[in-house]
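Chain by chain, the residues:
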Amino acid sequence: MASRTKEREKHQIQFISTPIYSKDKEKPPYTRFVCISTLSKKSLIVTSLLILLFTFIYLFLSPTSFQSPHSIGLTQTQATSTCNGIAPFYIYDLPARFTTDLVDRCQFLNIYVDTCPHVVNQGLGQPVTSKLGPSWYGTNEFLSDMLFHARAKNHPCHTHDIDAAKLFYVPFYAGLYASFAFREGNHTLRDQLAVELVSYLSNKPTFRKHGGRDHFLVVGRTSWDFMRISDPNIADFGANRLLYLPELADVAVLTIERHPWEGKNQFGIPYPSYFHPKTADEVFTWQDKVLGSKRPYLYAFVGGARVASEKAAVRAEIINKCSASKQCAQVTCKTGTIGCYDPAKVLATLRGAQFCLQPPGLSFTRRSTFDSILAGCIPVFFSEHSAYTQYEWYIPNEARKWSVLLDQKKAEQIEEELEKIPLKEVESMRKEVVRMIPQVTYAHPDSTKPGFRDAVDMALVQLTERVERALEQEQTAVRVD
């Protein structure tokens with residue numbers, strides 16, 4: 001037995017130490033188990049430390065452009081099918097004059113642009129014929145009311161049982177109404193459809209029960225288009241008085257731009273951009289592309305000049321500065337050109353820059369802000385009312401985490417100001433911007449379970465909380481009385 005054990009040990013030792021090239025004297029005698037026979041303990045320790053070091057660098061210190069959205073938690077994958085945090089909501093079946101009749105009159109909505117191609121596909125518009133993919137559309141910036149309605153109809157938290165509902169959605173296509181009526185010189189006729197809507201709601205027991213506190217509507221244009229001031233000294237630019245009607249004082253109004261000072265019941269929602277994914281995987285794929293984008297330009301601007309005003313002066317300075325700089329990428333919007341309406345061109349420009357300038361235009365906010373987020377380009381604002389007082393439901397509490405705010409007087413020193421920001425901080429801001437993509441995106445209306453929370457979900461969560469607070473206050477007031 002002892003002799004057999006010695007023989008086995010002898011063969012084992014010979015096996016481990018026998019050179020692979022034992023018959024070739026010119027080649028080094030590497031053994032089959034190199035890690036055992038040729039590396040000393042010191043070499044093993046050094047090698048192990050190097051492996052650990054490279055692993056640490058790869059996982060924690062590598063540029064964000066090489067990190068997966070999955071690894072840095074960029075999307076919100078909470079399933080919407082559970083309706084976690086979202087109350088069951090009922091959608092009113094409004095008379096056609098408030099919805100589809102307005103869509104059917106699309107050729108009369110804008111005297112400058114044919115709106116009909118934009119209202120097709122439930123408000124998504126025409127599919128983009130480029131390499132972007134199947135979930136990209138030439139969506140008009142003023143159709144959030146149509147998009148919200150289309151998404152809500154297929155939402156898992158939508159209930160057809162009016163008695164089970166905690167929220168009530170009034171799907172009035174207010175944006176289309178405002179576009180159609182703004183040229184009407186007779187104010188009574190201009191306001192007629194808004195007055196009819198209020199009359200319709202006031203006759204509903206569900207509306208009267210809580211005075212509209214559990215109701216909401218979406219307007220596809222800025223709040224200014226629904227807040228005409230009855231003052232002969234103020235120019236009439238075509239607004240109606242929908243949001244000044246007293247019956248709607250407690251109704252939540254979702255708008256692409258709220259009134260910063262008077263909009264106590266107004267809540268900003270994102271302008272629609274071009275991306276309408278059906279699944280979370282589509283979002284992940286796009287985020288990967290955005291993080292991997294090469295950005296040779298310091299900043300970019302997509303937009304055109306404006307008429308004489310303080311806002312116009314800032315824009316003019318930006319356009320001049322950008323045109324003269326080799327560090328700026330620009331798409332100029334002019335009448336008769338299609339550059340600003342070409343999603344592929346716009347996104348390619350924004351994806352090529354570190355920062356994207358967002359000066360006020362006709363109003364404080366811009367669709368380009370959300371195009372920039374979609375492109376992973378850090379927004380640069382010149383007014384707090386361009387985002388921070390608008391989209392509290394959607395943006396981080398700390399503005400510096402995802403954006404830059406410059407004083408309008410510093411428009412001349414844009415490059416100097418942006419170059420002051422450390423690269424590490426820029427990368428951190430970009431990561432935050434890319435993380436925001438799903439929550440400011442309108443998912444495809446046909447998707448009932450996209451696997452991420454989009455702009456509609458985020459609004460429904462906040463509306464649920466608002467209604468719960470309002471009804472609790474109402475009950476408290478009743479007990480006190």
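Structure's up top.
Each residue is numbered by its place in its chain's sequence as written, counting from 1. Local features in this predicted model are restricted to residues of pLDDT 70 or higher, and side-chain atom pairs are both shown and tallied only at a pLDDT of 80 or more, whereas totals for entire chains, interfaces and linings draw on every residue. Processing note: side-chain calculations cover all non-hydrogen atoms of the structure and skip hydrogens and water entirely.

## Structural notes on helix α7 (residues 174-181)
- Only protein chains enter the accessibility calculation, which uses a 1.4 Å probe; a residue whose area is less than 20% of its type maximum is buried, one above 50% is exposed, and one in between is partly exposed. A helix here means a DSSP run of H or I that spans at least four residues, while a strand means a run of E at least two residues long, and both kinds are numbered starting from the N terminus. Summarising burial for α7: 7 of the 8 residues are buried, a large majority.
- Three or more residues of α7 are buried, namely Ala174, Gly175, Leu176, Tyr177, Ala178, Ser179 and Ala181.
- Residue contacts are counted whenever heavy atoms from the two residues lie within 4.5 Å of one another. Buried residues in α7 make contact with α4 (100-104), α6 (144-153), α8 (187-202) and β3 (215-219).

## Notes on the pattern of salt bridges
- One speaks of a salt bridge when a side-chain nitrogen belonging to Lys or Arg is within 4 Å of a carboxyl oxygen belonging to Asp or Glu. What the rule picks out here adds up to 12 salt bridges.
- Of the charged contacts in the structure, one is a salt bridge between Arg151 and Asp454, with a shortest N-O distance of 2.8 Å. Placement of the pair is Arg151 in helix α6 and Asp454 in the loop between α15 (423-436) and α16 (455-480), with a sequence separation of 303 residues.
- Assessed through its relative accessible area of 1%, Arg151 is described here as buried.
- Using a relative accessible area of 0% as the deciding quantity, one classes Asp454 as buried.
- With its nearest N and O atoms 2.7 Å apart, the salt bridge here joins Glu425 to Arg400. One end of the pair, Glu425, is in helix α15; the other, Arg400, is in the loop between β9 (378-381) and β10 (404-405), and 25 residues separate them in sequence.
- Residue Glu425 is classed as partly exposed on the basis of its relative accessible area of 25%.
- You can call Arg400 partly exposed: its relative accessible area is 39%.
- Among the charged side chains, a network of salt bridges with common partners joins Arg151, Asp454 and Asp457.

## Quick look at the pairing of strand β4 (residues 252-255)
- Residues Ala252 and Leu254 of β4 are buried on one face, and the alternating residues Val253 and Thr255, pointing to the opposite face, are buried as well.
- When DSSP finds two or more bridges between two strands, those strands count as paired. Where β3 meets β4, 4 bridges bridge the pair, whose relative direction is parallel. Bridging from a neighbouring strand, Val219 pairs with Thr255 of β4.
- Taken together, the 3 bridges between β4 and strand β5 (residues 266-268) define a ladder with parallel strand orientation. Within β5, the position partnered with Val253 by the bridge is Gln266.

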